[in-house]
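So the chains spell out like this:
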Amino acid sequence: MEKNGNYLLDKVGEIQVNKNLNPKIIIILIIASFLMFLFFSISIISIFVGTKDYIKVNATVIDVGHDKVPSSGRETISYYANLEYEYGGKKYQHKQTLYMFISYPEINSKVNIYIDPQSPSNVRNTSIIPIEVIVILISLIFNIAMIKIYLKLKE
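Residues numbered from 1 in each chain as written. Predicted model: local features only at pLDDT ≥ 70, side-chain atom pairs only at ≥ 80, totals over all residues. Heavy atoms only, no water.

Asks: In this structure, what is going on with the environment of Ser109? I would like to understand it.
Replies: Structurally, Ser109 is set in the loop between strand S6 (90-98) and strand S7 (110-116). For Ser109, a relative accessible area of 22% gives the class partly exposed. In this structure the C-alpha to C-alpha distance between Ser109 and Ile62, which are 47 residues apart in sequence, comes to 8.2 Å. A distance of 2.5 Å separates the side chain of Ser109 from the backbone oxygen of Glu106, its partner in a polar contact. (Helix = DSSP H or I, 4+ residues; strand = E, 2+ residues; numbered from the N terminus. Buried < 20%, exposed > 50% of the residue type's maximum accessible area, 1.4 Å probe, protein only. Polar contact = N/O pair within 3.5 Å; in protein donor to acceptor, adjacent residues only side chain to side chain.)

Asks: Help me understand the pattern of salt bridges in this model?
Replies: Two side chains carrying opposite charge are able to pair once their charged atoms lie near each other. Evaluation of the coordinates by the stated rule reveals one salt bridge. A salt bridge links Lys95 to Asp67, with the shortest nitrogen-to-oxygen separation between them at 2.7 Å. On the criterion of sequence distance, the pair formed by Lys95 in strand S6 and Asp67 in strand S4 (residues 55-71) is long-range, its members being 28 residues apart. On the basis of relative accessible area, Lys95 is assigned to the partly exposed category, the value being 45%. (Salt bridge = Lys/Arg side-chain N within 4 Å of Asp/Glu carboxyl O.)

Asks: Sorry if this is basic, but what is going on with the pairing of S6 here?
Replies: Working note: regular strand, side chains alternate between the two faces of the sheet. The sheet contact formed by strand S5 (residues 74-87) and S6 spans nine bridges and is antiparallel. Paired with Glu84 across the two strands is Gln93, which belongs to S6. Hairpin remark: S5 followed by S6, antiparallel, with two residues in the connecting loop; positive phi at Gly88, about 65°. (Pairing = 2+ DSSP bridges.)

Below is the structure:
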């Protein structure tokens, strides 16, 4: 333990714990981060459970672009890739949303998508999954840190 101004600090790993913290605040943070972890985990699970019968097909990127979308008084930009795939002897197209920090596919490149064999125009929406995984990991790490802090405060 070390003294820092008026606060008594204790290190937990690389985290310094202010012993004057109210444990109730830490409990609220633990609950909030756990609920965020739970919400995004359930979201990903529901995507895969709802599309468990979908099959993987190879699609070709035929266009990459962006649309301006009005959103609460201002415009936002939505990036997309137009995909073309074949199933059951018929050709289909799908407009897949892209996110800025994920690399964009090149035109004529191949990507795997999952389609409903009963209705081949239905494609599993996996565009948001990388963001949800990042949120899950961050909330899990935060939750573990808050639990360590709480346990250190209870000593």
